[in-house]
Amino acid sequence: DAKTTQPPSMDCAEGRAANLPCNHSTISGNEYVYWYRQIHSQGPQYIIHGLKNNETNEMASLIITEDRKSSTLILPHATLRDTAVYYCIVRERKAAGNKLTFGGGTRVLVKP
Amino acid sequence: GAGVSQSPSNKVTEKGKDVELRCDPISGHTALYWYRQSLGQGLEFLIYFQGNSAPDKSGLPSDRFSAERTGGSVSTLTIQRTQQEDSAVYLCASSLSGQVLSNQPQHFGDGTRLSIL
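Predicted, not measured: the structure shown is a model, and the values here were computed from it.

> Honestly, the overall build of chain B in this entry has me stumped. Any pointers?
Each helix and strand counted, chain B has zero helices and 10 strands in total. Its helices and strands in sequence order give chain B the pattern β-β-β-β-β-β-β-β-β-β, from N to C terminus. In summary, chain B has a C-alpha radius of gyration of 14 Å against a globular reference of 13 Å for 117 residues, a match within 12%. In terms of overall dimensions, chain B has a C-alpha envelope of 40 × 30 × 25 Å along the principal axes.

> When you look at the sheet that holds strand S1 (residues 5-7) of chain B in this model, what are you seeing that I'm missing?
Backbone-to-backbone hydrogen bonds pair the strands of a sheet. The strands run either parallel or antiparallel. Residue and element names in this part refer to chain B. The antiparallel open sheet is built from four strands, whose spatial order is S1-S3-S7-S6. The sheet terminates laterally at S1 and strand S6 (65-69), the two strands that pair on one side only. Across the sheet, the axes of successive neighbouring strands diverge by a mean angle of 15°, strand direction being ignored. As paired strands, strand S3 (residues 19-24) and strand S7 (residues 75-79) are joined by five bridges and run antiparallel to one another. Within S7, the position partnered with Glu20 by the bridge is Thr78.

> Is there a simple way to think about the layout of surface pockets in this case?
Taking a probe equal in size to a water molecule and rolling it over the atoms shows the remaining empty space. Volume-wise, the largest pocket comes out at about 710 Å³. Gln38, His40 and Ser41 of chain A together with Gln37 and Gly40 of chain B are the residues nearest the centre of the largest pocket, which is lined by 32 residues in total. Among the elements of the structure, strand S8 (84-90) and strand S9 (106-111) of chain A together with strand S8 (88-95) and strand S10 (112-116) of chain B are those that each provide at least two residues to the lining of the largest pocket. As a volume, the second largest pocket reaches approximately 290 Å³. What lines the second largest pocket is a set of 16 residues, among which Pro44, Gln45 and Tyr46 of chain A together with His107 and Phe108 of chain B lie closest to the centre. Those elements giving two or more residues to the lining of the second largest pocket turn out to be strand S4 (45-50) of chain A together with strand S9 (107-108) of chain B.

> Sorry if this is basic, but what is going on with the pattern of salt bridges here?
Opposite charge on two side chains makes pairing possible when the charged atoms of those side chains draw close. Taken as a whole and judged by the stated rule, the model has five salt bridges over all chains. Close ionic contact of Asp11 of chain A with Lys111 of chain A constitutes a salt bridge, the shortest N to O distance being 3.0 Å. With Asp11 of chain A in strand S1 (residues 9-13) and Lys111 of chain A in strand S9, the pair connects residues that are 100 residues apart, well separated along the chain. With a relative accessible area of 39%, Lys111 of chain A lands in the partly exposed category. The partner of Arg22 of chain B in a salt bridge is Asp24 of chain B, and the shortest N-O contact between them spans 2.9 Å. Judged by relative accessible area, which is 23%, Asp24 of chain B ranks as partly exposed.

> Explanation requested: the state of the cysteines in the structure shown.
Every disulfide links exactly two cysteines, by a covalent bond between their sulfur atoms. A full pass over the atoms with the stated rule returns two disulfides over all chains. Residue Cys22 of chain A pairs covalently with Cys88 of chain A via a disulfide, S to S 2.1 Å. Here the disulfide of Cys22 of chain A and Cys88 of chain A is left-handed, its torsion about the S-S bond being about -80°. Here Cys88 of chain A lies in strand S8 and Cys22 of chain A lies in strand S2 (residues 18-23), a separation of 66 residues in the sequence. You can call Cys22 of chain A buried: its relative accessible area is 2%. Its relative accessible area of 1% is what places Cys88 of chain A among the buried residues. One disulfide in the model links Cys23 of chain B with Cys92 of chain B; its S-S distance is 1.9 Å.

> What exactly am I supposed to notice about the pairing of strand S6 (residues 61-64) of chain A here?
Along any regular strand, the residues point their side chains to alternate faces of the sheet. Residue and element names in this part refer to chain A. Note that strand S5 (residues 55-56) and S6 share two bridges and pair antiparallel. Within the sheet, the bridge partner assigned to Thr56 lies in S6 and is Ser61. Linking two consecutive strands that pair antiparallel, namely S5 and S6, is a turn of four residues. Relative to strand S7 (residues 70-75), S6 runs antiparallel, the two being bridged by four bridges. Each residue of the ladder has a partner; that of Ile64, found in S7, is Ser71. The antiparallel hairpin formed by S6 and S7 contains five residues in its connecting segment, where Arg68 sits at a positive phi of about 65°.

Conventions adopted
Residues numbered from 1 in each chain as written. Chains lettered and ligands numbered in written order. Predicted model: local features only at pLDDT ≥ 70, side-chain atom pairs only at ≥ 80, totals over all residues. Heavy atoms only, no water. Helix = DSSP H or I, 4+ residues; strand = E, 2+ residues; numbered from the N terminus. Rg over C-alpha atoms; globule rule 2.2 N^0.38 Å. Pairing = 2+ DSSP bridges. Axes fitted to C-alpha atoms, helices over the stretch in contact; angles between N-to-C directions. 1 Å grid on protein atoms, 1.4 Å probe; cavity = no way out; pocket = protein on both sides within 12 Å on 5 of 7 lines; lining within 4 Å. Points joined across faces, edges and corners; volume = space filled by probe spheres on them. Salt bridge = Lys/Arg side-chain N within 4 Å of Asp/Glu carboxyl O. Buried < 20%, exposed > 50% of the residue type's maximum accessible area, 1.4 Å probe, protein only. Disulfide = S-S within 2.5 Å.

Take a look at the structure:
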């Protein structure tokens, strides 16, 4: 299974864009990149996912490099409520069902 | 629309008692997962249901743990003779499909915080 590497923490100013990097150099061709976040005392929240093209939804944008070895989640205008742990996941391709495995994630603190 | 609903949100019980946790998945979602998350830790997969197929129980930590899904919708996770190490947040997730080649994301409930005294 492809592993991911994320910085353990980062700060972001309220109202500014937050760019969260993720390395997944061993990703294989059929594996998708997913992003989730977990706000304190809540369950993980799905944000966005992609295969090779850049994706955008109402929450965020996902930029995947051409070689697919890394990606960046962009929160365009961070708010205090975006403070959370953000997880970059590459979905297991051999397991029965899509078991999710979260690594350490990036603890994002949005400051006023 | 309604998300994944779990109950109770908190459960405190004495060691040795049985507990039952409930999950109501998003309507129409055929795949249902149970995970647990210990304090400050990542997700630990427990069990997975997909439609009418036999569940994948490979993550259940002991035979004290069991789960069922009735009518392809609501699921209950049962822990018998609870131990202190069972204390954790138990999370349920559902998705439109659990097929390996599907890219459908999982949507989580807020979990049941279980504390064993």
